[in-house]
Amino acid sequence: MASKQPQVTEQTRANLTQAFWSLYLEKPIEKITVREITDRAGYNRATFYLYYRDVYDLFDQLEEGVLSQVRALVDRRLLAGDTLDFSQHMGLIIGLAQRFDGFMPRLMAGDPSFGDRLKDIIAPLLDRFILPDEGMTDEERAIMREFYLSGLLAAVNTWMAREDRMPIDRLLELIVAAVAPGTVAMTSAAAESDIEG
């Protein structure tokens, strides 16, 4: 892999990724060729192969990049505390999803395993803070975990897919009211400043 000039390398990767995304929004991955990506990005095929084995490798690296950012947020920020501030934590997750605006709905729709991997990352939050330790069998906990995870991801995905989407503050209010009644939703500005920090 070319790494003599890290800034050029990152820009080349970003350009190839952006070209891929513009194609992926138009058609399924199996119909995308390396030639189309490089033509759209303004590179030759040899440049593509400096970074990726094939189109699927580019896609896998892109997905892993998104998931690693979510994983870092959950592991470093959300699981670090002793209590769950559901409103603040949902604000952070939605803020992160906004960072990938345009990508997340397509990833969720185009690759079912992406949603499953995302759920695996978020599940420890539910296990630690939402689902009771006692009074449920393992099967009941698994069902309730899936109920919460599927609902949260579906709500965020539906919101992101809309062009005329409601303000993030209102989305947070709706989700928090459904999952943690009596909690006040954090404003989007506060959520964004927490993501940056």
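Residues numbered from 1 in each chain as written. Predicted model: local features only at pLDDT ≥ 70, side-chain atom pairs only at ≥ 80, totals over all residues. Heavy atoms only, no water.

Student: Account for the environment of Leu16, with residues named and values stated.
Tutor: Relative to the elements of secondary structure, Leu16 occurs in helix H1 (residues 6-24). Between the C-alpha atoms of Leu16 and Arg40, which are 24 residues apart in sequence, the distance is 8.2 Å. Those residues in contact with Leu16 that sit more than four places away from it in its chain are Ile37, Thr38, Ala41, Tyr43, Phe48, Tyr51, Tyr52 and Leu58. (Helix = DSSP H or I, 4+ residues; strand = E, 2+ residues; numbered from the N terminus. Contact = heavy atoms within 4.5 Å.)

Student: Requested: an account of the confidence of the model for the protein, with residues and values cited.
Tutor: On average, residues of the protein score 81 in pLDDT, and 83% of them reach the 70 mark or higher. Per-element mean pLDDT across the protein ranges from 44 in helix H10 (residues 188-196) up to 97 in helix H2 (residues 34-41). In the model, residues 184-197 has pLDDT below 50 throughout and makes 25 contacts with residues more than four positions away in sequence or in other chains. (pLDDT = per-residue confidence, 0-100.)

Student: An account of helix H8 (residues 138-161) is requested, with residue identities and associated values reported.
Tutor: Its 24 residues give H8 an end-to-end C-alpha distance of 34 Å, which sits within 8% of 34 Å, the value for a rise of 1.5 Å per residue. Those residues of H8 that fall on the buried side of the exposure criterion are Arg141, Tyr148, Leu149, Leu152, Leu153, Val156, Trp159 and Met160. (Expected span 1.5 Å × (residues − 1). Buried < 20%, exposed > 50% of the residue type's maximum accessible area, 1.4 Å probe, protein only.)

Student: Can you break down the pattern of salt bridges residue by residue, with the values?
Tutor: Where charged atoms of side chains with opposite charge meet at close range, the side chains can pair. In this structure the tally under the stated criterion is 11 salt bridges. For Glu26, the salt bridge identified is with Arg40, shortest N-O distance 3.0 Å. Taken together, the residues span a long stretch of sequence, with Glu26 in the loop between H1 and H2 and Arg40 in helix H2 at a distance of 14 residues. Between Glu146 and Lys119 there is a salt bridge, with the nearest N and O atoms lying 2.4 Å from each other. In this pair, Glu146 sits in helix H8 while Lys119 sits in helix H7 (residues 112-130), placing the two residues 27 residues apart along the sequence. A residue is classified by how much of its surface remains accessible, and Glu146, at 36% relative accessible area, is partly exposed. Under the relative-accessibility criterion, Lys119 is labelled buried at 14%. Taken together, the shared-partner salt bridges connect Glu63, Asp111 and Arg117 into one network. (Salt bridge = Lys/Arg side-chain N within 4 Å of Asp/Glu carboxyl O.)

Student: Can you lay out the nonpolar core for me, pointing to particular residues and giving the numbers?
Tutor: Residues Phe20, Ile37, Ile94 and Leu125 are the most contacted members of the largest nonpolar core, which totals 54 residues. In contact with Ile37, other than residues within four places in its own chain, are Leu16, Ala19, Phe20, Leu23, Ile32, Phe48 and Val55. (Core = buried A, V, L, I, M, F, W, Y, C linked by side-chain atoms within 4.5 Å.)

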